[in-house]
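Chain and residue survey
Listed below, chain by chain, are the residues.
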Amino acid sequence: MTAQTQQDLAATPMVEAVGVRKSFGRTEVLKGIDLTVRPGEVTCLIGPSGSGKSTFLRCINHLETIDGGRLSVNGHLVGYRQKGDRLYELKPREVAAKRREIGMVFQRFNLFPHLTAEQNIMHAPMLVRGESKKAARARAADLLERVGLAGRGHHYPAQLSGGQQQRVAIARALAMQPPLMLFDEPTSALDPELVGEVLDVMKGLAAEGMTMVVVTHEMGFAKEVADSVYFMDDGAVVESGRPADLLDDPRHERTRAFLSKVL
Amino acid sequence: MEATTLSSTTSPRTEASDPTNGRSDPADLEAVPLRHWGRWAAAAVVLYVTAAFLWSLARNPNLEWEVVGDYLFEDFVIRGVGITLMLTVVAMVIGTVGGIVVAVMRLSSNPVLRGLSWFYTWFFRGTPLLVQIIFWGFLAALYQQIEIGIPFTGVTFASFDTNAVVGPMTAAILALSLNEVAYAAEIVRGGIASVDDGQDDAASALGMTRSQAMRTITLPQAMRVIVPPMGNETVTMLKSTALVSVIGGKDLLTAVQSVYAQNYQVIPLLVVAVIWYLALTSVLSVGQYFVERRYGKGYGNASMSRRWLGLGVTR
Ligand SMILES: Nc1ncnc2c1ncn2[C@@H]1O[C@H](COP(=O)(O)OP(=O)(O)OP(=O)(O)O)[C@@H](O)[C@H]1O
Ligand SMILES: [Mg+2]
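Report follows, based on the coordinates. Note that the structure is predicted; figures quoted are calculated from it, not measured.

What follows is about the overall build of chain A. Helix and strand counts for chain A come out as 10 helices and 12 strands. Rg of the C-alpha trace for chain A: 19 Å, near the compact-globule value of 18 Å for 263 residues, within the 12% margin. Projected onto its principal axes, the C-alpha positions of chain A cover 50 × 50 × 45 Å. Counted over contacts in chain A with a minimum sequence separation of 6, partners at least 24 positions apart contribute 64%. Just so you have it, chain A exposes about 12100 Å², and 47% of that area is on carbon and sulfur atoms.

Here it is in structure tokens:
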């Protein structure tokens, strides 16, 4: 572990946020977020509703623009190119190209309802990366098997349960082979008995060394899988640390109050 | 009336379920639905009146069914039907493509494009189609010459006599298409707005560009909402083509008009037109049914029919 950690410390962070700010109109939703995720790490974001977790996650792949601070993924600024001491905003096409490097899984799955599970997975690799139909189909079959849905490829999303849909959504994101995966409350819309099957897939990913940022209310998952946990409240990081420290022995009153409600 | 109905229907029932008959098994009980005598009476009256009207129509010598039969497949009628169909198809194709463009303009972040799109729809939906048709028919009165060049510079590549280029047919196509663009744009806009925002997020997160997401994710889903009203638009368009007869558009109505203007067989020739219009709109309605079914894919429609065919979920 220590050898690994030292090696990771030397590597470029996968995600690095310094003083990230974001406002919607007059309300400031992110008030200077600092966060670092190293390659291979799993980072969990927890916090009460409206604290800005989703907004921050969406900033990481530039679904939202930021109003201040610096945010970089894999050493590249998100949405900008630095030339000398100037930042130039990227063209929409360039932003789209950057997003291929970041997979995202949504609370409400957002599968494409007019495509089958297999087509959902094959669509972006073929359209965006020009992959051949044969290669895309082969990978879709692999991924479906990996998320435990082998043979379900011809089903439309409406014919799948919530847990199955979310697993297809994870497979769809993985099909672009991103080095970083973002999860926004991936199990919050699921019936309790379906949560486990999705968390199991995510644990598998973590075990394979995928870098993940996960917004979640599943404290058991955070404790078991996360390398670090960030507690956010009111647009700021209140405290962060290793899950055992932060979840079992929080230093701040607000963290303690929040944890006593969800645990 | 209700009371007598009840007593007359319940008496045989009590006999049938009489336990001494040995037929107490509930499966043997006969369920007699409530009879709606009022509805039967109303239906009979309506049928009687309709039959009387049809009879008088059929026997009306002014209708001259033999004349109708003679003209139904005459060359000039068939040609008119062809032109009516051509106008419908061309106007709907241009109208739909243009409608998508105007709708996407309306949803763009460029305020000039948004304003232009709004103005277009406002103008073309705010004036009667008949007026627009006459306007295009008399285009030459507004511009004698049509010039192709660079505006405001005096550079001209080509110049045409308006009447030579914009004949009645072109004027008819222009009028019908440009009008349809405005209506189609509103329908397409409603369809796009009906697609969940999360779809756009998911498409963007996968690295699709805005146009890729629009073409492959948003529009195909919007089709479900767009297709049914566009089917109605097509039927309406087929009928609206008759309006171009005011500028001599050579469509079905113009064709029969020009013949009855000479032989005064007004009613039989109009009946010929009516028969063709009804036949064409009926065929369109059947086509619409199948197109709607195709775009219902993935939303339960397809799965229902597949399950019915035994191809459904195998869990
Ligand atoms: N598009 C938007 N326009 C305006 N305000 C927004 C928008 N998106 C989010 N907000 C506001 O920003 C704040 C943070 O929202 P966000 O969704 O990031 O919270 P969250 O921590 O993810 O909450 P939850 O646990 O409920 O998902 C909220 O007050 C929300 O109302
Ligand atoms: Mg959220």
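Bringing the sheet that holds strand β5 (residues 76-77) of chain A into the picture now. All names here are of chain A. With antiparallel pairing, four strands are arranged side by side in an open sheet as β2-β1-β4-β5. The open sheet has two free edges, formed respectively by β2 (27-37) and β5, since each of these has just one partner strand. Across five bridges, the pairing between strand β1 (residues 15-24) and strand β4 (residues 68-73) is antiparallel. The residue of β4 that forms the bridge with Glu16 is Ser72. Set on the sheet, helix α2 (residues 53-60) makes contact with β1, β2 and β4; between it and β2 the angle comes to about 60°.

Residues and elements named next belong to chain A. For ligand 1, the full set of nearby residues is Phe24, Val29, Pro48, Ser49, Gly50, Ser51, Gly52, Lys53, Ser54, Thr55 and Glu185. Within the side chain of Ser49, an N or O atom sits 2.5 Å from an oxygen atom of ligand 1. In this structure, an oxygen atom belonging to ligand 1 sits 3.0 Å away from a main-chain N or O atom of Gly52. Protein burial of ligand 1: of its 640 Å² of free accessible surface, 56% is covered by the chains. Here the shell around ligand 1 gets three residues from one element, more than from any other, and that element is α2. Along the lines of polarity and charge, the residues of the shell around ligand 1 split into three nonpolar, six polar and two charged.

Looking now at the packing of helix α12 (residues 252-263) of chain B against helix α13 (residues 266-295) of chain B. All names here are of chain B. At a minimum axis separation of 9 Å, α12 and α13 run at an interaxial angle of 165°. Between α12 and α13, the angle falls in the class roughly antiparallel. Two packed elements cross with a definite hand, and for α12 against α13 that hand is right-handed. Together, Leu252, Leu253, Val256, Val259, Tyr260 and Asn263 of α12 and Val266, Leu269, Leu270, Ala273, Trp276 and Tyr277 of α13 make up the contact between the two elements.

Another point: the interface of chain B and chain A. Across the contact, 24 residues belong to chain B and 30 residues belong to chain A. Residues B:Asp196 and A:Arg108 are paired through a salt bridge, measuring 3.6 Å at the closest nitrogen-oxygen approach. The tally of links from chain B across to chain A stands at five residue pairs in polar contact (both at pLDDT 80 or more). Elements that contribute at least two residues to the side of chain B that touches chain A include exactly α10 (197-205), α11 (210-240) and α14 (301-308) of chain B.

A surface patch of negative charge is lined by B:Glu66, B:Asp70, B:Glu74 and B:Asp75. Within the secondary structure layout, B:Glu74 lies in the loop between α3 (65-72) and α4 (75-106).

The biggest cluster of nonpolar side chains holds 49 residues, and the ones touching the most others in it are A:Ile46, A:Ile170, A:Met181, A:Phe183, A:Met202 and A:Met212. Ranked by residue count, the leading element in this core is helix α7 (residues 192-207) of chain A, at eight residues. If we skip the residues at most four places from it in the chain, A:Ile46 touches A:Lys53, A:Thr216, A:Met219, A:Val229, A:Tyr230, A:Phe231, A:Met232, A:Leu246, A:Leu247, A:Phe258 and A:Leu259. In this structure, A:Val20, A:Leu180, A:Tyr230 and B:Ala202 belong to the second largest nonpolar core, which totals 39 residues.

Residue and element names in this part refer to chain A. The residue Lys31 is located in strand β2 in this model. On the basis of relative accessible area, Lys31 is assigned to the partly exposed category, the value being 33%. Residues Lys31 and Lys53, 22 residues apart in the sequence, show an inter-C-alpha distance of 12 Å. When neighbours within four sequence positions are excluded, Lys31 is seen to be in contact with Val20, Arg21, Asp234 and Gly235. A polar contact of 3.3 Å, which involves the side chain of Lys31, links it to the side chain of Asp234.

Turning to unusual backbone geometry, a few remarks are in order. The phi angle at A:His62 is positive, at roughly 65°, despite the residue not being glycine. One can find A:His62 in the loop between α2 and β4.

Looking now at the sheet that holds strand β9 (residues 180-184) of chain A. All names here are of chain A. Reading across the sheet, the six strands line up as β8-β9-β10-β3-β11-β12 and stay open at both edges, with mixed pairing between neighbours. Each of the sheet's edge strands pairs with one partner strand only, and the pair in question is β8 (102-105) and β12 (236-241). Going from strand to strand, the sheet's axes swing by 15° on average, the running direction of each strand aside. Bridging between β8 and β9 involves four bridges; their strand directions are parallel. Counted as the bridge partner of Met104 is Leu182 from β9. Along the sheet, α7 contacts β3 (42-46), β9 and β10 (211-215); its crossing angle with β10, the most-contacted strand, is approximately 145°.

Looking now at α10(B). Burial within α10(B) is extensive, with seven of its nine residues counted as buried. When α10(B) is considered as a whole, its buried residues turn out to be B:Gly198, B:Gln199, B:Asp201, B:Ala202, B:Ala203, B:Ser204 and B:Ala205. Check the buried side of α10(B) and you find it contacts α2, α3 (92-99), β8 and α6 (162-174) of chain A together with α11 of chain B. Positive phi shows up at B:Gly207, right after α10(B), with a value of about 95°.

Right, let's talk about the environment of A:Pro92 for a bit. Along the chain, A:Pro92 turns up in helix α3. Each C-alpha atom, one on A:Pro92 and one on A:Gly79, is 8.8 Å from the other, the two residues being 13 residues apart in sequence.

Moving on to the packing of aromatic side chains. One pass over the structure, following the stated rule, counts 10 aromatic pairs over all chains. With centroids separated by 6.3 Å and ring planes inclined at 25°, the aromatic side chains of B:Phe119 and B:Phe123 adopt a geometry described as stacked. Residue B:Phe119 and its partner B:Phe123 are both found in helix α5 (residues 111-125); the two are separated by four residues, about one turn of the helix. Here B:Phe123 falls in the partly exposed class, since its relative accessible area comes to 38%. A ring pair is formed by B:Phe123 and B:Phe124, whose centres lie 5.3 Å apart and whose planes are at 75°; its orientation type is edge-to-face. Aromatic ring contacts, followed pair by pair, group B:Trp118, B:Phe119, B:Tyr120, B:Trp122, B:Phe123 and B:Phe124 into a single cluster. Over the face of the ring belonging to A:Phe112 we find A:Arg172, whose NZ or CZ atom lies 4.5 Å from the ring centre. The ring of B:Tyr183 carries the charged tip of B:Arg125 above its face, separated from the ring centre by 5.5 Å.

Rules used in this analysis
Residues numbered from 1 in each chain as written. Chains lettered and ligands numbered in written order. Predicted model: local features only at pLDDT ≥ 70, side-chain atom pairs only at ≥ 80, totals over all residues. Heavy atoms only, no water. Helix = DSSP H or I, 4+ residues; strand = E, 2+ residues; numbered from the N terminus. Rg over C-alpha atoms; globule rule 2.2 N^0.38 Å. Contact = heavy atoms within 4.5 Å. Areas by Shrake-Rupley, 256 points an atom, 1.4 Å probe, with all protein chains shown as cover. Pairing = 2+ DSSP bridges. Axes fitted to C-alpha atoms, helices over the stretch in contact; angles between N-to-C directions. Near = heavy atom within 4 Å. Polar contact = N/O pair within 3.5 Å; in protein donor to acceptor, adjacent residues only side chain to side chain. Nonpolar A, V, L, I, M, F, W, Y, C, P; charged D, E, K, R; others polar. Parallel < 35°, antiparallel > 145°, perpendicular 65-115°, else oblique. Left-handed = near helix turned anticlockwise from the far one by under 90°. Salt bridge = Lys/Arg side-chain N within 4 Å of Asp/Glu carboxyl O. Patch = residues over 30% accessible without salt bridge, like charges linked within 9 Å, V, L, I, M, F, W, Y side chains within 5 Å. Lys, Arg positive; Asp, Glu negative; His and termini not counted. Charge placed at Lys NZ, Arg CZ, Asp CG, Glu CD. Core = buried A, V, L, I, M, F, W, Y, C linked by side-chain atoms within 4.5 Å. Buried < 20%, exposed > 50% of the residue type's maximum accessible area, 1.4 Å probe, protein only. Phe/Tyr/Trp six-rings, centres within 6.5 Å; stacked < 30°, edge-to-face > 60°. Lys NZ or Arg CZ within 6 Å of the ring centre and 35° of its normal.

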